[in-house]
Amino acid sequence: MAEIADAVAEDAEDKQFTNTDVKKWLDELKDAVYDAEDVLDEIATKALQRKLDTELGTFGSKVRNPISTSRFVKKVEKRIKKLLDKLDFLVEEKVKLGLREGVGVGGNTSERLPTTSLIEESDICGRKYDKEAIINSLLSNDASDNEVGVVAIVGMGGIGKTTLAQLAYNDNKVIEHFNLKVWVCVSDPFDVFVIIKTILEEIILSHGDVEVRNELRKELNDIKNLNQLQIKLKDALIGKKFLLVLDDVWESYPKWEALNNSFKSGAPGSKVIVTTRDYEAARVMRSKAIHRTMELPKEDCWKLFVKHAFHDSNSNAHAYLELEAIGRKIVKKCHGLPLAIKAIGALLWSKLDVDEWNKVLRSEIWDSPINATDILPALRLSYKYLSPPLRRCFAYCSIFPKDYVFKKDKLVFLWMAEGFLPQLQNKTMKEVGDDYFLALVSRSLFQQSKHDEYVMHDLISDLTKFISKEFTLCEDDDSSCKFLSTTRHFSYSSRTFDINNFENFHKAKGLRTIIKINSWSDRTSFVPPIIRCWSGGTYFFSQNIRCLGLRVLILSHKYGLSELLDAIGKFKQLRYFNLTNTQIERLPDSICKLCNLQILNLSHCKSLVALPRDLHGLINLQILDLSHCRSLVALPRDLHELINLQILDLSQCKALAALPRDVHKLINLSHLDITETEIMEMPINLGKLKCLKTLTTFIVSKHSGSGIEELGKLTNLRGSLNILDLQNVEFPVDAKDVILRDKYLKKLELKWRVDTSASENHKIVLHCLEPHSILRSLSIYGYGGTSFPNWVGDASFSNITSLRLEDCKFCSSLPPLGQLPSLLHLSIVGLNGIVTIGRQFYGSGSSSMKPFGALEYLRFEKMLEWKEWFPFEAENEGGAFPNLRELWISGCPKLTGELPVHLPSLVELSIYDCPQLVASLPGTSSRQKVKLSNCNTVILNESSIGIHELRIKNCSMLELPKHVNYSSLECLTLEHCSSLKSFPLFSKIRELSIEDCGDLESLTVGEQHEHDLLLSSMRIDGCPNFAYFPQGGLRAPNLKHFSIRVCRSLRSLPDKMHILLPSLEKLYIKDCPQVESFPEGGLPSNLNKISIQNCDKLFANRMGWGLQNLSCVREFSISYKSEDVESFPDDGLLPTSLTCLHINGFPNLKSLEKKGIQNLTALKELMIYLCPKLECMPEDGLPASLSTIIIWKCPLLTKELKSREGPEWRKIAHVPNKNIDY
């Protein structure tokens, strides 16, 4: 009966899309299969447990076994009878439904799976004119009324809207045109809070300073209020010409308006691309241009199909004459939809048989109505032609929400735990899963978005959810969370999940999977009741509902989870347990009873100090991930008894000092990662691990059994390998036995501890360690030879993209690295024997090949004896470095002369600590970012016109010729430039920062700059002689941030600020003792934040500030060092709109002015810092609106408050948040 039901299942798979009765029948059959698998698992687990009890001699097992076995057998017999009855019923029903046997066409699991067919952007056909139209709309100057221009791309699902947006987004002209680009995938629901936060995350990631990035990210994570987010985004976009893509928008006007209000601070010409299926949504967004994406033209459809259906997409399709006629008919049925064409083409890629193509052409699925399921026929055919195992793997993806970013290994581990992957004799389950994943990628059911990330198109995701909706519940897609009796797989995100929805969980009796979907905004401490609520450790929740059939339990990123109950050991069917990024310190011993557990992921459990001693009880464990467990100091001594262990990841276990002695007995181990641990020596006989394919680090020892000869015995190594302590190779000829040429390594690091003198032995060892030519990345550290062996830099290593030479102190010449055709990144650090770099460095390759033709990044650092860099002989004609984008030179104190003249692609130049180098900047046609520090002389000449961001620090001779055109310069930072006395403001500069330039006296505006300045941010800091702004004021209508600090000679701020700086929002003035007042006319009306620190004369005239007229001011910070003020703030000094007030460093302040404080009826935060004589609050207390008060280093007042009673405490008792340094 089971065979009959299975035989007609293929027919049912075809008909389920058009016949709801068949869909119901098929779901019932799948439910029966799930139940049957559960019964078989219980039987197998019971047998395994008995075997273990017998082997371990468990006390009392002989007494208990007969009774427990009898009960178990009766229970199982009852379940089997029920299953057989259900199958009888299904067999009878299949006749009524007209389901036939043997009509299926599911693929063969052993069919050839392509390994190099990932889809790339170059595969796009027929969108040239669409792309140009979009780009023209983006580059057009149609700004009006401060509105952001919206360009809408409208079309049905699968038509290529996202692809078209990507083409425009990545176009070079677009990249050059905008200061900032952000891509956000919206989908449904249109969550304004999430979208704004995502935009801000992208903006933060674009910031170059890591510390600043981390601080900004921390500030962002603390924001819980939409209004604060909108203000934050508005500030971040000030003055920037930005391009934002909102992909897959469904909502329209109300939420769009909430989002759009934050965009208006951007510079004129900012644009938003919206992709949507809904024309009405595009219209109400007031799109400047609405581009309707039409079906691909006939011939473009055929070209796209050829790329995906035929083995050699560059060959003429007429080579397959018998298939072309059929293929064109199939393409016609795709109705010009790129997604459908790619899917059906990928399906046929491995089927070059006429009969197979005719089956696809004549399939009834093409004629079935789309409206019934909204699933494209081509996608249904793709599913139909998957093998049954691949179907299960594909359908399982329905557990993830739309737009989820997939990682291959994580998904394969889940398939493995769910039992979808067979155990083959010549492959591990992980390798089988890798093949399955690539099969789905090759059929375009997954699309690669980044190097190791994949996404699934919404329409394909809809297909998975249609197939699995009875068995899978994804809380992100179904907020109602209606559990069914058939629900087997459940995922949730605590960002939106309501714990009360667990009330109907009792229906899911056969639940196998609970997955916590990680979210950037997940900061709650919610933990499913499976961990914290037990009834005798046997039941889930307070109801008597068994939940012991779980196979997958993922509780990652649960910051509040610090311990597990012993009852976790009851989950005998558990295959995959993930506690990543939790606060677990120890695992209960009962976890060792999980005899079916295959995957245990404890990565980033930073509090984990030890593993259970009896971990070897996990006899089926295949994968143990302990990466980033920084408190873990040791592994169990009997770890070697985990004989099925294949993957052991110990990377970043920074407290782990040794591996267990008998680790060589893990005979099935294929992957061992000990990157960045404290392990100083390898255990003996590591060469016995014959299955080992990945070994990240090998530490050479002088001791027998752990020398370099062990590495030679590991014949299957591939991937990445670091060989450390090579100075311990006693006999250099021993290195020959390693035979790296036979190992398929893609990344290799070789490290010696630096010797004090040159060593010929090092050269022999390095010669013997020549790797396979497949190598992509090579790093050599501490090498003590005087020259490199010939293989280093040999052109046969055509795959090398990254190379680093560091602390090779005795080498007097560089290898011919210029002849490596694929080299992208090159770093040369600490080669103190190098005096000149010249012809040998470029190599003697063919005349047709340009030296360093592919190189994009070049770094020279700590080259203490390097004096000259001789250019390539044809360099002036564009010979060497045609694609170099970034050049870094640092710590080369003797380097003189000039840099290469012609670097046409250079984008970023950094020169640090090269005091003898006259840095005349190289010419380029690209927009450049230049950073110069500790270079005595810097000359900006005609070749510098491409610079858009310039930072100069500690340069004693800085020349800024007036005749040079600085029209591209937008961001300028000058620090410690002692020769600078007067600085001309260039009209195109948007961000200006001048710091610690001791001789600077003035800023000027040249006569040629008649137009307004484009400045959006200006900072002058630590310039004691600075005294003058341009006469007549700064004409900078876009200036938002203005900061002037420690300018002791400055007597006045720029004239006419209230007129010429209408956009100013933030004003900072600090340590400017000669400034007496604000300019005539007062401050700009849009100011929202003012900080005045230690400006005594200005403070003395405070009642003339006119702040009460500035209704936009929300934050005010004040500091005053003189002792003549005992009470502050004065009545009427501050605007009533104030929400945040900081009072800092008043040495003689004794009280807060009653009226001055009480008039601040909107005040929410009050901070008082370093006021040693302050002893009381206003008599009538503080404003009722106050929600936060911070009091630090005010000892007299703190003393009154410490007891938390008395008159002073009562004045602040109503404030919810108090931060006081008692």
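No experiment lies behind these values; they were computed from the predicted model shown.

Definitions and limits used
Residues numbered from 1 in each chain as written. Predicted model: local features only at pLDDT ≥ 70, side-chain atom pairs only at ≥ 80, totals over all residues. Heavy atoms only, no water. Helix = DSSP H or I, 4+ residues; strand = E, 2+ residues; numbered from the N terminus. Buried < 20%, exposed > 50% of the residue type's maximum accessible area, 1.4 Å probe, protein only. Contact = heavy atoms within 4.5 Å. Areas by Shrake-Rupley, 256 points an atom, 1.4 Å probe, with all protein chains shown as cover. Pairing = 2+ DSSP bridges. Axes fitted to C-alpha atoms, helices over the stretch in contact; angles between N-to-C directions. Salt bridge = Lys/Arg side-chain N within 4 Å of Asp/Glu carboxyl O. pLDDT = per-residue confidence, 0-100. Expected span 1.5 Å × (residues − 1). Phe/Tyr/Trp six-rings, centres within 6.5 Å; stacked < 30°, edge-to-face > 60°. Lys NZ or Arg CZ within 6 Å of the ring centre and 35° of its normal. Left-handed = near helix turned anticlockwise from the far one by under 90°. Nonpolar A, V, L, I, M, F, W, Y, C, P; charged D, E, K, R; others polar. Patch = residues over 30% accessible without salt bridge, like charges linked within 9 Å, V, L, I, M, F, W, Y side chains within 5 Å. Polar contact = N/O pair within 3.5 Å; in protein donor to acceptor, adjacent residues only side chain to side chain. Core = buried A, V, L, I, M, F, W, Y, C linked by side-chain atoms within 4.5 Å.

### Topic: the overall build of the protein chain
Thinking step 1. Along the protein chain, the regular secondary structure elements total 29 helices and 51 strands.
Thinking step 2. Taking all 1222 residues of the protein chain together, 53% fall into the buried category.
Thinking step 3. Long-range contacts, defined as pairs at least 24 residues apart, comprise 60% of the intrachain contacts of the protein chain with a sequence gap of at least 6.
Thinking step 4. Accessible surface, the protein chain as shown: approximately 53,500 Å² in total, 49% of it carbon and sulfur.

### Points about the sheet that holds strand E2 (residues 180–185)
Thinking step 1. In spatial order, the strands read E2-E3-E4-E1-E5; together these five strands make up an open sheet with parallel pairing. Whereas interior strands pair on both sides, the edge strands pair on one side only; in this sheet they are E2 and strand E5 (289–292). This sheet shows a mean twist of 15° between the axes of neighbouring strands, independent of strand direction.
Thinking step 2. Pairing geometry for strand E3 (residues 242–249) and strand E4 (residues 271–276), over five bridges, is parallel. Residue pairing for E4: Leu244 is matched across the bridge by Val272.

### Digging into the pattern of salt bridges
Thinking step 1. Under the definition given, this model contains 32 salt bridges.
Thinking step 2. Glu37 is paired through a salt bridge with Arg392; the nearest N and O atoms lie 3.0 Å apart. In this pair, Glu37 is assigned in helix H2 (residues 20–56) and Arg392 in helix H17 (residues 388–396), connecting sequence segments 355 residues apart.
Thinking step 3. Here Asp807 makes a salt bridge to Lys809, at a shortest N to O gap of 3.7 Å.
Thinking step 4. Judged by its relative accessible area of 26%, Asp807 is partly exposed.
Thinking step 5. Three or more residues are tied together by salt bridges with common partners; here these are Lys408, Asp409, Lys430 and Asp434.

### Remarks on the environment of Ala508
Thinking step 1. With respect to the secondary-structure elements, Ala508 resides in the loop between strand E9 (489–492) and strand E10 (513–516).
Thinking step 2. Looking at Ala508, the relative accessible area reads 1%, which means it is buried.
Thinking step 3. Between the alpha carbons of Ala508 and Thr486 there is a distance of 6.5 Å; along the sequence they are 22 residues apart.

### Some thoughts on the confidence of the model for the protein chain
Thinking step 1. Per-residue pLDDT for the protein chain has a mean of 82; in total, 83% of the residues score no lower than 70.
Thinking step 2. The low-confidence segment residues 519–545 (pLDDT under 50) makes 64 contacts with residues lying over four places distant or belonging to another chain.

### Quick look at helix H7 (residues 192–205)
Thinking step 1. The first and last C-alpha atoms of H7 sit 20 Å apart over 14 residues, in line with the 20 Å expected at 1.5 Å per residue.
Thinking step 2. Among the 14 residues of H7, ten are classified as buried, and the element is accordingly described as predominantly covered.
Thinking step 3. Those residues of H7 lying buried are Val192, Val194, Ile195, Ile196, Lys197, Ile199, Leu200, Glu201, Ile203 and Ile204.

### Notes on helix H18 (residues 408–418)
Thinking step 1. With eight of eleven residues buried, H18 is to be regarded as a mostly interior element.
Thinking step 2. Within H18, the full set of buried residues consists of Leu411, Val412, Phe413, Leu414, Trp415, Met416, Ala417 and Glu418.
Thinking step 3. Among the residues trailing H18, Gly419 stands out with phi positive, at a value near 85°.

### Details of the environment of Leu361
Thinking step 1. Mapping Leu361 onto the fold places it in helix H15 (residues 354–361).
Thinking step 2. C-alpha of Leu361 to C-alpha of Lys333: the two residues are 28 residues apart in sequence and 8.6 Å apart in space.

### Some points on the environment of Gly1104
Thinking step 1. Mapping Gly1104 onto the fold places it in the loop between helix H26 (1096–1100) and strand E45 (1115–1119).
Thinking step 2. Note on Gly1104: relative accessible area 65%, which makes it exposed.

### Side note on the packing of aromatic side chains
Thinking step 1. Applying the stated criterion across every chain yields a total of 38 aromatic pairs.
Thinking step 2. Consider the rings of Phe437 and Phe446, whose centres lie 4.9 Å apart with planes at 20°: the pair is stacked. For the pair Phe437 and Phe446, a shared accessibility class is recorded, and that class is buried.
Thinking step 3. An aromatic cluster of three or more residues is present, and its members are Phe400, Tyr404, Phe406, Trp415, Phe437, Phe446 and Tyr454.
Thinking step 4. Across from the ring centre of Trp302, 4.4 Å away, lies the NZ or CZ of Arg328, which sits over that ring.
Thinking step 5. The ring of Trp888 carries the charged tip of Arg859 above its face, separated from the ring centre by 3.9 Å.

### So, the pairing of E2
Thinking step 1. Here E2 shows one buried face, formed by Leu180, Val182 and Val184, and one open face, formed by Lys181, Trp183 and Cys185.
Thinking step 2. Of the pairings in the sheet, the one linking E2 to E3 comprises six bridges and is parallel in character. In the strand pairing of E3, Val182 is matched with Leu244.

### Quick look at unusual backbone geometry
Thinking step 1. Cis geometry is adopted by the peptide bond preceding Pro1129, which originates at Phe1128 and carries an omega value of 0°.
Thinking step 2. Inspection of the secondary structure assignment puts Pro1129 in the loop between strand E46 (1127–1128) and strand E47 (1140–1144).
Thinking step 3. The backbone phi angle of His628 is positive, close to 65°, even though this residue is not glycine.
Thinking step 4. By the secondary structure assignment, His628 is in the loop between strand E17 (623–625) and strand E18 (647–649).

### A few points about the sheet that holds strand E20 (residues 694–695)
Thinking step 1. With respect to topology, ten strands assemble into an open sheet ordered E8-E9-E10-E14-E15-E16-E17-E18-E19-E20, the strand pairing being parallel. The open sheet has two edge strands with one neighbour each: strand E8 (472–474) and E20.
Thinking step 2. Pairing between strand E16 (residues 599–601) and E17: three bridges, direction parallel. If you follow Asn601 over to E17, its bridge partner there is Asp625.

### Quick notes on the packing of helix H12 (residues 298–309) against helix H13 (residues 321–332)
Thinking step 1. Contact geometry of H12 with H13 gives a least axis separation of 10 Å together with a crossing angle of 115°. As H12 runs across H13, the sense of the crossing is right-handed. Touching Glu299, Cys301, Trp302 and Phe305 of H12 are Glu324, Gly327, Arg328 and Val331, all from H13.
Thinking step 2. Here the contact of H12 with H13 is built from residues that sort into four nonpolar, one polar and three charged.

### As for a nonpolar patch on the surface
Thinking step 1. Taken together, Leu40, Ile43, Ile80 and Leu84 make up a surface patch of nonpolar side chains, about 330 Å² in accessible area.
Thinking step 2. Every element with two or more residues in the nonpolar patch is listed here: H2 and helix H3 (61–96).
Thinking step 3. Relative to the helices and strands, Leu84 resides in helix H3.

### A word on the side chain of Ser1043
Thinking step 1. Looking at the element boundaries, Ser1043 is found in strand E42 (residues 1041–1045).
Thinking step 2. Reaching out from Ser1043, the side chain makes a polar contact with the side chain of Arg1045 at a distance of 2.9 Å.
Thinking step 3. The contacts of Ser1043, once residues within four sequence positions are left out, are Met1018, Arg1019, Ile1020 and Tyr1068.

### Examining the pairing of E10
Thinking step 1. Of the two faces of E10, the one carrying Thr513 and Ile515 and the one carrying Ile514 and Lys516 are both buried.
Thinking step 2. The sheet contact formed by E9 and E10 spans four bridges and is parallel. Within E10, the residue paired with Tyr492 across the bridge is Lys516.
Thinking step 3. Sheet analysis places E10 next to strand E14 (residues 552–554), joined by three bridges and oriented parallel. What sits directly across from Ile515, in E14, is Ile554.

### Some details on the nonpolar core
Thinking step 1. Ranked by internal contacts, the top residues of the largest apolar core, which has 211 residues, are Leu626, Phe881, Phe983 and Met1018.
Thinking step 2. Setting aside anything within four residues of it in sequence, one finds Phe881 in contact with Phe841, Tyr842, Pro851, Phe852, Leu855, Leu858, Trp869, Leu903 and Pro904.
Thinking step 3. Ranked by size, the runner-up nonpolar core spans 45 residues in total, among them Phe394, Phe400, Val412 and Val552.

### Structural notes on the side chain of Thr486
Thinking step 1. Residue position: Thr486 is located in the loop between E8 and E9.
Thinking step 2. The buried category is assigned to Thr486, whose relative accessible area is 13%.
Thinking step 3. A distance of 2.4 Å separates a polar side-chain atom of Thr486 from the backbone oxygen of Glu470.
Thinking step 4. Discounting chain neighbours no more than four positions away, the residues touching Thr486 are Asp31, Glu470 and Phe471.

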